[in-house]
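# What the coordinates show
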Amino acid sequence: MTTRMLCRWARLFPRCSQAATASARLQTSTVHQTEPLCLMSLFWTRPSARHLCQSNELARMEETAYDQTQLVRLVEKAATPEEVLQLWAEQGGTASDAARCLIQLNLRVMEKGREGILQDPRCKSMLDTVQSQVSSVWNGSLVGLLRALTMLGLPSDAPLLHSIQNEVLWRIRRLTYRHLAYLVDWVAFQRRRGYENEELTTSLLKQLELRWTELCESRTISILMSRASLFTPSLIDKLEDKALELAESFSAEDIRRVAFALASQNRRAVPLLRALSYHLNQKPSFELKTPLLLDIAYAYGKLNFHQTQVLQRIAAELLARLSELSSLDVTRCAKSLAFLKWLHLPLFEGFAQHYVSNSKNYSTLQVCNLLISFAKLNFQLGKGEEFYQKVHKALEGSFQNLEPFLKTDVVWSLCVLNQANPDYISSVTKYDFQKKLTGGIVDRTESYRLKLLHIFAFAQLEPLGITIESPAVLLLVPQSKVEVSTPLQSSLHTALQSLTNGRTQALRTAVKTMYGWTIDGELVVDSENKPTDLENLQAPHLPGGGGRDALPAGARRIAFVAWEFPNFCLRSKDLLGRFAMRKRHLQLAGFIVVEVPYFEWLELKSDWQKVAYLKDKLGKAVAEDMAK
């Protein structure tokens, strides 16, 4: 009884020196009587060499035990597919050697190119050798062989591929987690081609779910996360936790893979993205290749993740490489930064200059994307005559053939940038063209209806000298949903009611104008800045035109506009293009615009402070208008 108890204690304290001493004494005292029990206790008292996060030990030992033959060593040094085939023809080898040769052959074919490689008798000899001895091929070679044969063009229903898949299925619990990751990559590739072994896929996903604690390599994590669409949500969460744990060991390429995988799955894992951003910012410049920087910018834009330090680093690196960028690189980066609402003036000026210098290399679609990006950020070129001359020239021949939604976006962007001409306006204001924008998603239709109204407003308010059809037909389109006021807007409405002493006839809130813009609060003030009744006053900005009375002498129309946080560029007090055009159009329509930005309004705690703030802003705006 004592012996059994000591053996159990030894199992519970494997790293304790007292336990080791006790087990040693137990061995000497009971060697003849309880040898099996003592051997078991000694096994448990040894420090374990494998942690939970390490790969399967048996599979790892099996792979490291493989000793490369002379043939494999020579094949790995071969430079062309012909050399690989010739070495096999001269020396031959086992099925494992044939598998390694086929893997190297695939690499050389991808590098050098070679048609009809599977028809070569020497290649057929390697395939036959693997087919006859598939059970003797080592695990790593077996997994790599699947992708190699697929890339070489072997049909998915070939007997050899079925044999290899069956062999992998039998050994799947002996494969390392790294091999499982490569196998997932191959399964995803086969799915895209329309082929799938359901039994193998099910077993593979089950093993990945059960053995996730063995994951300890950054490369494996990046491969698995790029195939996250195959996994259950619980496994994806575990992969993200592992990526966060091992983020420090990621290379720049691993960071790109993980960020791109998160973007493709639309998973905004903020803690992981912050960790990736920190470690990416520590990488030296030679690791940050241009495609990598563009992919990071795309991923951040897709996930709407703002990290100023990384964006500054991307801008600094790309500024030094502007001459090396292609037209696709420029438009792609500009579009990503526009999604992030981040305007870096030197970089965007460099983009504009790149287009001026290389306009012949830009397609019409790339020119359109560049214009849309500039307009979204309200990037106004200081000396843009040459830039816009080339833009108008590039659009001359292909503008009429653009897809209707894209054409509307381009004209709207030119209106934001104040570069639209009558030809552009007239092409999208015709009733026949407007009908092409109806149907489909309700929110999208409503968005383009508003853009058309903005274009009409540009034509009416800007001195273009053209006559356009009435936009009344557009105003009959019903709203897609009931708009809910933001906290800032609601608070502003309440303060304006206090400012007018509760006189509803002297105040309009949430005013929808015929220009497509909404005024958060509208007042008409007399010469002493006191609100007057506006029910009977003419209102040309309203669809119905308002009342019959003309505006009294000395009276002024006031438009209160609330600027929310999303209305500004990132880390800036500069308005985005849409809202800058809103302010410009309201001013051209005869309003004195009183701006109420969120960063000023949030500092006001009491109601009387807010009313006093509005009075002060109103007085200053009227004084500035009088000074003009």
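Residues numbered from 1 in each chain as written. Predicted model: local features only at pLDDT ≥ 70, side-chain atom pairs only at ≥ 80, totals over all residues. Heavy atoms only, no water.

## Here's the deal with the overall build of the protein chain
Helices and strands together make up the secondary structure of the protein chain, namely 31 helices and four strands. Looking at the protein chain as a whole, 49% of its 628 residues qualify as buried. Only carbon and sulfur atoms are counted for the fraction: they give 53% of the accessible area of the protein chain, which is about 31,900 Å². (Helix = DSSP H or I, 4+ residues; strand = E, 2+ residues; numbered from the N terminus. Buried < 20%, exposed > 50% of the residue type's maximum accessible area, 1.4 Å probe, protein only. Areas by Shrake-Rupley, 256 points an atom, 1.4 Å probe, with all protein chains shown as cover.)

## Structural notes on the environment of Ala261
Take Ala261: it is sitting in helix α15 (residues 252-265). A relative accessible area of 4% means that Ala261 is categorised as buried. Separated by 33 residues in sequence, Ala261 and Ala228 have C-alpha atoms that sit 7.7 Å apart. For Ala261, the contacting residues outside a window of four places in its chain are Met225 and Ser226. (Contact = heavy atoms within 4.5 Å.)

## Topic: the pattern of salt bridges
What the rule picks out here adds up to 30 salt bridges. The salt bridge involving Lys530 is made with Glu528; its shortest N-O contact spans 3.7 Å. Among the charged side chains, a salt-bridge network with shared partners connects Glu253, Arg256, Arg257, Asp295 and Arg332. (Salt bridge = Lys/Arg side-chain N within 4 Å of Asp/Glu carboxyl O.)

## Here we look at the nonpolar core
One finds Phe351, Leu371 and Phe387 to be the most contacted residues of the largest nonpolar core, which totals 162 residues. Once residues lying within four places of it in the same chain are set aside, the contact partners of Phe351 are Leu322, Leu325, Val330, Cys333, Ala334, Tyr362 and Phe374. Counting residues in each nonpolar core, the second largest holds 22 residues, with Leu488, Leu492, Ala562 and Ile592 among its members. (Core = buried A, V, L, I, M, F, W, Y, C linked by side-chain atoms within 4.5 Å.)

## Side note on the side chain of Asp295
Tracing the sequence through the fold places Asp295 in helix α17 (residues 290-303). Other than its neighbours up to four places away in sequence, Asp295 contacts Arg256, Phe260 and Arg332.

## What about a nonpolar patch on the surface?
Nonpolar side chains collect at one region of the surface, where Leu107, Met110 and Met151 lie side by side and expose about 280 Å² of accessible area between them. Turning to its location among the elements, Leu107 is positioned in helix α7 (residues 95-112). (Patch = residues over 30% accessible without salt bridge, like charges linked within 9 Å, V, L, I, M, F, W, Y side chains within 5 Å.)

## Considering the sheet that holds strand β2 (residues 518-525)
Strand order in the open sheet formed by four strands is β1-β2-β3-β4, and the pairing between neighbours is mixed. Lying at the two open borders of the sheet, with one neighbouring strand each, are β1 (508-512) and β4 (591-597). Going from strand to strand, the sheet's axes swing by 35° on average, the running direction of each strand aside. Where strand β3 (residues 556-563) lies against β4, seven bridges are found, and the strand directions are parallel. By the bridge assignment for β4, Trp563 is matched with Pro597. Docked against the sheet, helix α28 (residues 487-499) engages β1, β2, β3 and β4, running at close to 150° with respect to β3. The strands touched by helix α29 (residues 577-588) within the sheet are β2, β3 and β4, with β4 carrying the most contacts at an inclination of about 150°. (Pairing = 2+ DSSP bridges. Axes fitted to C-alpha atoms, helices over the stretch in contact; angles between N-to-C directions.)

## Here's the deal with the packing of aromatic side chains
Per the counting criterion, the structure on display carries 18 aromatic pairs. With 4.9 Å between their ring centres and 70° between their planes, Phe399 and Tyr424 make a pair best called edge-to-face. One end of the pair, Phe399, is in the loop between α22 (385-396) and α23 (404-416); the other, Tyr424, is in helix α24 (residues 422-428), and 25 residues separate them in sequence. A relative accessible area of 6% places Tyr424 in the buried class. Taking 5.7 Å as the distance between ring centres and 55° as the angle between the ring planes, the aromatic pair formed by Phe568 and Phe599 counts as tilted. A residue pair is termed long-range when its members are at least 10 positions apart, and Phe568 in the loop between β3 and α29 and Phe599 in helix α30 (residues 598-601) qualify at 31 residues. Here a set of aromatic residues connected by ring pairs shows up, and it is made of Phe348, Phe351, Tyr355, Tyr362, Phe374, Phe379, Phe387 and Tyr388. (Phe/Tyr/Trp six-rings, centres within 6.5 Å; stacked < 30°, edge-to-face > 60°.)

## Looking at the pairing of β3
Counting buried positions along β3 gives seven out of eight residues, so the element sits mostly inside the fold. Where β2 and β3 come together, five bridges link them in antiparallel fashion. The residue bridging Val524 from the neighbouring strand is Arg557, located in β3. With α29 bridging β3 and the parallel β4, this β-α-β connection has right-handed handedness. (Right-handed = clockwise from strand over helix to strand, strands pointing away.)

## Points about unusual backbone geometry
Peptide bonds are mostly trans, and most non-glycine residues show a negative phi. If you check the backbone angles, Asn266 has positive phi at about 55° while not being a glycine. Residue placement: Asn266 occurs in the loop between α15 and α16 (270-281).

## Describing α28
In a regular helix each residue adds 1.5 Å, so 13 residues correspond to 18 Å; α28 covers 18 Å between its end C-alpha atoms and thus fits that length. Listing the buried residues of α28 in full gives Leu488, Gln489, Ser491, Leu492, His493, Ala495, Leu496 and Leu499. Next to the buried residues of α28 lie β1, β2, β3, β4, α30 and α31 (607-627). Count one or two residues on from α28 and you reach Asn501, which has phi positive near 60°. (Expected span 1.5 Å × (residues − 1).)

## A closer look at the pairing of β2
Of all eight residues in β2, seven are buried, a share of seventy percent or more. The pairing of β1 with β2 spans four bridges and is classified as antiparallel. In the sheet register, Thr509 faces β2, and the bridge partner there is Gly521. Counting the residues in the hairpin turn of β1 and β2 gives five residues, including Gly516, whose phi is positive at 90°.

## Points about helix α9 (residues 139-152)
Taking 1.5 Å per residue, 14 residues should reach 20 Å; α9 reaches 20 Å between its end C-alpha atoms and fits that length. Maximum bend of α9: about 25°, positioned at Leu145. The buried fraction of α9 is high, at ten of 14 residues. At the C-terminal side of α9, Gly153 shows a positive phi close to 105°. (Bend = angle between axes of the 7 residues up to and from the residue.)

## Thoughts on the environment of Arg114
Turning to its location among the elements, Arg114 is positioned in the loop between α7 and α8 (121-132). Spatially, the C-alpha atom of Arg114 lies 7.5 Å from that of Pro81, the residues being 33 residues apart in sequence. Look past the residues within four positions of Arg114 in its chain and what remains in contact with it is Pro81, Glu82, Leu85, Val109 and Asp120.

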